Amino acid sequence: MATPKPLEAKENYKTIKEVLNHKNMESLSYASTLKENGIYSLVDSNAQEFYLIPKKVMHSLMRELKNLESDKYLFKLEQEIYKNMPVDFDDVWCVALKEVRDYKKEPKAVVKHLKKRYPYLFLDFLERLDAPK
């Protein structure tokens, strides 16, 4: 049986990184030491809130967001496969993961393509009912 390959991240995460490295960023120095993993809330003179997040925590947050996006996509793909009544879910799952190279294809389109390319992986009750005896 085939081994599934990991999916690539969406473009959104690259743009978030760009926003964080924006050229309007300003460095301020703080005389006291801050906690290593502490998250701080700052309020300016206009009562606008800002948050200070350590780089390590931000990387962890970004990693979790990527994992969440991947899990969400795979869940939708799993649901779409089940809706189309596979003969063996594990076989269809492995083939689907090979077909999906990134998040650009909608799960519905992936399953439609799989049904067209590998019709023997899915049951089609309507076709069997209409078949001559």
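Structure's up top.
This write-up is about the structure you can find in this document.

Analysis parameters
- Residues numbered from 1 in each chain as written.
- Predicted model: local features only at pLDDT ≥ 70, side-chain atom pairs only at ≥ 80, totals over all residues.
- Heavy atoms only, no water.
- Buried < 20%, exposed > 50% of the residue type's maximum accessible area, 1.4 Å probe, protein only.
- Helix = DSSP H or I, 4+ residues; strand = E, 2+ residues; numbered from the N terminus.
- Arc of directions from axis to C-beta.
- Contact = heavy atoms within 4.5 Å.
- Salt bridge = Lys/Arg side-chain N within 4 Å of Asp/Glu carboxyl O.
- Phe/Tyr/Trp six-rings, centres within 6.5 Å; stacked < 30°, edge-to-face > 60°.
- Lys NZ or Arg CZ within 6 Å of the ring centre and 35° of its normal.
- Pairing = 2+ DSSP bridges.
- Expected span 1.5 Å × (residues − 1).

A word on helix H4 (residues 107-117)
All of the buried residues along H4 are Pro 107, Val 110, Val 111 and Leu 114. Projected down its long axis, H4 shows its buried positions confined to an angular sector of 95°, all on one face. Turned more than 90 degrees off the buried face of H4, the exposed positions are Lys 108, Lys 112 and Lys 116. Looking at the buried positions of H4, the neighbouring elements they touch are helix H2 (55-83) and helix H3 (89-99).

With respect to the pattern of salt bridges
This model, assessed by the stated rule, comprises two salt bridges. As a salt-bridge pair, Glu 80 and Lys 83 come within 3.9 Å of each other at their nearest N and O atoms. Here Glu 80 and its partner Lys 83 are both found in helix H2, three residues apart, which amounts to about one turn of the helix. Exposure remark for Glu 80: the relative accessible area of 12% places this residue in the buried category.

Re the packing of aromatic side chains
Here the structure, examined in full by the defined rule, presents three aromatic pairs. Taking the centre distance of 4.4 Å and the plane angle of 5° together, the rings of Tyr 82 and Phe 89 count as stacked. Owing to a relative accessible area of 48%, Tyr 82 belongs among the partly exposed residues under this scheme. On the basis of relative accessible area, Phe 89 is assigned to the buried category, the value being 16%. Considering the side-chain rings of Phe 89 and Trp 93, the 5.6 Å spacing of their centres and the 20° angle between planes classify their relative orientation as stacked. Placement of both Phe 89 and Trp 93 in helix H3 is noted, with a separation of four residues, approximately one turn of the helix. As far as burial versus exposure is concerned, Phe 89 and Trp 93 are alike and both buried. A connected cluster of aromatic rings, assembled from ring pairs, spans Tyr 82, Phe 89 and Trp 93. A cation over an aromatic ring shows up here: Lys 115 above the ring of Phe 122, its NZ or CZ 5.9 Å from the ring centre.

Considerations on the pairing of strand S2 (residues 49-52)
Along any regular strand the residues' side chains alternate between the sheet's two faces. As paired strands, strand S1 (residues 40-43) and S2 are joined by four bridges and run antiparallel to one another. Bridge pairing in S2 links Tyr 40 to Leu 52. Hairpin connection of S1 to S2: five residues between the antiparallel strands, including Ala 47 at a positive phi of 60°.

Overview of the environment of Lys 55
Tracing the sequence through the fold places Lys 55 in helix H2. Separated by 18 residues in the primary sequence, Lys 55 and Asn 37 have C-alpha atoms spaced 8.9 Å apart.

Description of H2
Taking 1.5 Å per residue, 29 residues should reach 42 Å; H2 reaches 42 Å between its end C-alpha atoms and fits that length. Within the span of H2, buried status applies to Met 62, Ser 70, Tyr 73, Leu 77, Glu 80 and Ile 81. Two residues or fewer past H2, Met 85 is found with a positive phi of approximately 45°.

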